[in-house]
Amino acid sequence: MDNKTTLGFLKQVDFLKSLPGLDSLSANCKERFLPKEEFLFKEGQTGDAMYIITSGNLEVFKENRVIAHRTTGEYLGEMALLGNKIRSASVKATTDVKAIEIHEKYFLEFLSINPKAFLPLFQTLAGRWKEDLQKIDSDNLELKNQIKLNQRFSRLLDDTVNEIFILEQDTYQITQANSKASQNLGYTLTELTSTYFNEVFQDLPWDELNEKFQNLIDKSLAQVSFENQNKRKDGSTYPVEVRIQYLHIEDPPLIYAIVEDISDKKAMEAHIKELAFYDSLTHLPNRNLIKDRFDIMLARAQRSNTKVAILSMDLDNFKVVNDSLGHEAGDQFLVQLADRFEGTLRKEDTFGRLGGDDFVILLHNIKDEYFPTKMAQRVINLMKEPMELQGKKFHSSFSIGIALFPSDGEDIETLFKNSDIAMYQAKESGGNSYRMYESSMHEKIISRLTLEQELWRAVKNKEFELHYQPKVNLSTDKVEGLEALIRWNHPDGKKVGPDVFIPIAEESRLIHKIWDWTFQVACGQIQEWCHKYGEAVKIGINLSGRQFELPDLVEQVKNVITTEGIHPKYLEIEVTETAVMSNVQVAIDILEQFRELGVQISIDDFGSGYTSLGYLKKLPIDTLKIDHSFIRDCTDNSNLAIIQGIITISQKMGFKTIAEGVETQEQHDFLKNLECDQFQGYLCSKALPAQEIEHLIWPGQGK
Ligand code: C2E
Ligand code: CA
Ligand code: CA
């Protein structure tokens, strides 16, 4: 195209026609050819040129709506010349098109040498701009809004968390569904529209669905809702809540169903239920659920005249697991234990955890009167296999108490209390056993509680006294030592021996107070004798296993020794084999510290517990005290073997041996023959008050 023709076209453009210097611009214009259907530019694109159509037609559209047509002599894209580079509409050729392209760069050059051109340009453009906008507004606003609304609405339907179905009136075939429905069910929308509504449920026959619809059809209900299970294309299911409505206004009436996936809600409900009724660690029924079920069982048993049993179960050495392996191992232990019980009980019975190491079994509708004890025995057998914790085998057992409805109580509280009492009895007899509740147990517990109260008073009022029993050399029959044994001068004159009250004291802090008192008195006695006779006799003081728990035990002993100014050679600690073995590491540590102070160590009741030879080597020991049970019938072959064994081991290890509970000359001679070092027992003397013992050791002496 020559310059003249171009100039001619430029002069057709309203904002250019009156401007000078158009020749120079026309020299820089380019010719563009655009085939039919091609876009000149698209809405949103950046552009930096305008076009004057020299032949052909184009249409202008926004958001798929044609808003204008342009033909030969008209122009497009002029906004680009003013730096408004984002195209506000799309332009497509509807015929083959030729056009002159004026590039922004050349236009701006033109403008710079024709500054006056700016004003008319701006006026024209602004005017046209407004015109265009008005046109767009009036023509399309309504439609645009409508489209927008529709789009928004269908997007909402698709985005909604609920599945929406529109159903065919007679067959309940799905005619329309939203994309949530297709997503949830795993069908395509097309597949869904050839499906009957009842088919998306796991179990909802057409008849049943139809029945639900009747209330809607006869308008007796405005809405029908129910819970069900949706079935996905792959066969898996999920819980849903279905709401169906009829829109009678439409003809035929429109039926639509809104289906909500309630998996989360159900999971939350289950979780809340789990929290409220199940133990979070073992997932066993918790106290709440146990009580609930017990309530139901009792009500049923009352109506049908049947029996219910409650088994209270407490682990015998759970504390050891926790203390030695840590709480995490303790938790692991409880979980393993719960697993072990799976399948042990009848379905309708209950195995639950009350907390800590307290478990419970509820048995109902008991026909066989031995069933509860058989169950208890089954529990005991179940515990025979050791648990495996942190790669180590660990033995544990239950103490079980059984109470029966209605004979041992008619309400939950009484039955719980009485099964607990029976359980304590089982525990007291050494654990790993069960006891049926007996009414005498109740009295026993009461008298025990009374005794504990009295003991507190006894400690406060110093109602105790120490007696001393001689330890005699078997070859020379000379008294070489004493054992301090506590006596309770009960103000009522009641005779309560230490074998009764010491175990009670051990269950509370009382034992520590008793130890403080005993140790102080024994040390005082040593000091007194040293003062009186220039020497004393070694005194053995009994240390309870519970004392190992005291962090400053050794420190305290050291303090008393120093303040009383006594020689530690006069002191011996007697601690039972069982106490040492139930907490071996701590025991070794503490006993070694005693040894370092110069205090001697005696292992009491030796042979009645279980000590591995490996440990015996590690323990800092001076003396083994052979348990009196072997001495009583020492001529019995098996006892003889044991006594002989203990003495041999003791000699090999370099310990001394003492036999306790020696009552007869025969026992004395027998032990002497076996080369036992010392004896203690009524044969020489029972434990006596200090003054009487004094006469025995230092007859006729005293300063
Ligand atoms: P144990 O340490 O084994 O004490 C020996 C028990 O046997 C004492 O009973 C003693 O009186 C008794 N006994 C002594 N010789 C004979 C005998 O020839 N035949 C018979 N059948 N028995 C004899 P006791 O004094 O009743 O003490 C019982 C247990 O109470 C003691 O057993 C000890 O474990 C504990 N105990 C006594 N005093 C104390 C104390 O001050 N502190 C602590 N922690 N425990 C003590
Ligand atoms: Ca003792
Ligand atoms: Ca003993």
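Our subject in this report is the structure included herewith. These figures come from a predicted structure and were not determined experimentally.

### Here we look at the overall build of the chain
Of regular secondary structure, the chain possesses 24 helices and 29 strands. Taken over the C-alpha trace, the chain has a radius of gyration of 50 Å; the compact-globule value for 703 residues is 27 Å, which it surpasses by more than 25%. Dimensions along the principal axes, computed over C-alpha positions, put the chain at roughly 155 × 75 × 45 Å. For the chain, restricting intrachain contacts to residue pairs at least 6 apart in sequence, the fraction spanning at least 24 positions comes to 64%. Averaging the locations of the 80 positively and 107 negatively charged side chains of the chain gives two centres separated by 5 Å.

### A word on the coordination of the calcium ion (ligand 3)
Looking at the calcium ion (ligand 3), the protein donor atoms are Asp-604 (OD), Asp-605 (OD), Glu-660 (OE) and Glu-660 (OE), and they sit 2.2 to 2.4 Å from it. In the primary sequence, the donor residues of the calcium ion (ligand 3) line up as D-D-x54-E.

### Section: the side chain of Asp-314
Within the element layout of this structure, Asp-314 appears in strand 14 (residues 307-315). For Asp-314, a relative accessible area of 13% puts it in the buried group. Of note is the side chain of Asp-314, whose polar atom sits 2.4 Å from the side chain of Lys-427. Apart from the residues lying within four places of it in its own chain, the contact partners of Asp-314 are Asp-357, Asp-358, Ser-397, Phe-398, Ser-399, Met-423 and Lys-427.

### Observations regarding the coordination of the calcium ion (ligand 2)
Protein ligation of the calcium ion (ligand 2) involves Glu-483 (OE), Asn-542 (OD1), Glu-574 (OE) and Asp-604 (OD), the donor distances falling in the range 2.2 to 2.3 Å. Coordination of the calcium ion (ligand 2) draws on donor residues from a single chain, spaced E-x58-N-x31-E-x29-D in sequence. Here the calcium ion (ligand 2) and the calcium ion (ligand 3) are spaced 4.2 Å apart, linked through Asp-604, which binds each one. Taken together, the residues span a long stretch of sequence, with Glu-483 in strand 22 (residues 479-488) and Asn-542 in strand 23 (residues 538-543) at a distance of 59 residues. Residue class for Glu-483 comes out buried when judged on its relative accessible area of 5%.

Analysis parameters
- Residues numbered from 1 in each chain as written.
- Chains lettered and ligands numbered in written order.
- Predicted model: local features only at pLDDT ≥ 70, side-chain atom pairs only at ≥ 80, totals over all residues.
- Heavy atoms only, no water.
- Helix = DSSP H or I, 4+ residues; strand = E, 2+ residues; numbered from the N terminus.
- Rg over C-alpha atoms; globule rule 2.2 N^0.38 Å.
- Contact = heavy atoms within 4.5 Å.
- Lys, Arg positive; Asp, Glu negative; His and termini not counted.
- Charge placed at Lys NZ, Arg CZ, Asp CG, Glu CD.
- Donors = N, O, S within 2.8 Å, 3.2 Å for Na, K, Ca; no water.
- Buried < 20%, exposed > 50% of the residue type's maximum accessible area, 1.4 Å probe, protein only.
- Polar contact = N/O pair within 3.5 Å; in protein donor to acceptor, adjacent residues only side chain to side chain.

Read these as layout, nothing more, since geometry by itself doesn't imply function.
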